[in-house]
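Per-entry structural report
The chain contents come next:
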Amino acid sequence: QVQLLESGGGLVQAGGSLRLSCAASGRTFSSYVMGWFRQAPGKEREFVAAASWSSGNTYYADSVKGRFTISRDNANEMVYLQMNSLNPGDTAVYYCATRPGTNIARQRHEYPYWGQGTQVTVSS
């Protein structure tokens, strides 16, 4: 089975930075899309960023564009979400997800595999 494990969450002051990591195992498809979502208390799960390295495309939600960057470390088989200029509105549980294929996906129903989430709390 495909398993995703997020790490790197924690408590940070407004204006600070965090880098989230997502480790994947059990994935048999070579072409894939990675996505990052977040869910704040009382709110729906929200798209944050996605990348298809097969097609060379990345996409970011307007709320994080210019502040967040999705990247990959091939040697360590890790996917990262670098988060800069954090504000309290970024407080949420962050999830990584993956799906086979090459097309960018922004909707949660398009991702069959999900991690357990990691908490990010931004204090003011």
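Here goes a summary of the coordinates provided. Treat the numbers as computed from the prediction; the structure is a model and nothing was measured.

This part takes up the overall build of the protein. Broken down by element type, the protein carries 0 helices and 11 strands. Counting from the amino terminus, helix and strand elements in the protein follow one another as β-β-β-β-β-β-β-β-β-β-β. A globule of 124 residues ought to have a C-alpha radius of gyration of about 14 Å, and the protein, at 14 Å, matches this closely. Seen through its C-alpha atoms, the protein measures out along the principal axes to roughly 40 × 30 × 25 Å. Of all 124 residues assigned to the protein, the portion counted as buried reaches 42%. Long-range contacts, defined as pairs at least 24 residues apart, comprise 59% of the intrachain contacts of the protein with a sequence gap of at least 6. As presented, the protein carries roughly 6,400 Å² of accessible surface, and 42% of it is formed by carbon and sulfur atoms. Here the protein carries 11 positive and 8 negative side-chain charges, and the mean point of each set is 2 Å from the other.

Before going further, it helps to examine the nonpolar core. If you look at the biggest cluster of nonpolar residues, it comprises 35 residues, and the most contacted ones within it are Trp36, Val48, Phe68, Ile70, Leu81, Met83 and Tyr94. Put simply, the parts of the chain that give this core at least two residues each are strand 3 (18-25), strand 4 (32-39), strand 5 (46-52), strand 7 (68-73), strand 8 (78-83), strand 9 (92-100) and strand 11 (118-123). Leaving out residues up to four positions away in the same chain, Phe68 has contacts with Arg38, Val48, Tyr60, Leu81, Gln82, Met83, Asn84, Leu86, Asp90 and Tyr94.

Only one face of strand 1 (residues 3-7) is covered, namely the face carrying Leu4 and Glu6; the face carrying Gln3, Leu5 and Ser7 is uncovered. Summarising the sheet, strand 1 and strand 3 pair through 5 bridges and their orientation is antiparallel. Across the sheet, the residue bridging to Leu5 is Ala23, located in strand 3.

Basis of the calculations
- Residues numbered from 1 in each chain as written.
- Predicted model: local features only at pLDDT ≥ 70, side-chain atom pairs only at ≥ 80, totals over all residues.
- Heavy atoms only, no water.
- Helix = DSSP H or I, 4+ residues; strand = E, 2+ residues; numbered from the N terminus.
- Rg over C-alpha atoms; globule rule 2.2 N^0.38 Å.
- Buried < 20%, exposed > 50% of the residue type's maximum accessible area, 1.4 Å probe, protein only.
- Contact = heavy atoms within 4.5 Å.
- Areas by Shrake-Rupley, 256 points an atom, 1.4 Å probe, with all protein chains shown as cover.
- Lys, Arg positive; Asp, Glu negative; His and termini not counted.
- Charge placed at Lys NZ, Arg CZ, Asp CG, Glu CD.
- Core = buried A, V, L, I, M, F, W, Y, C linked by side-chain atoms within 4.5 Å.
- Pairing = 2+ DSSP bridges.

Interpretation note: all reported values are geometric properties and have no functional meaning in isolation.
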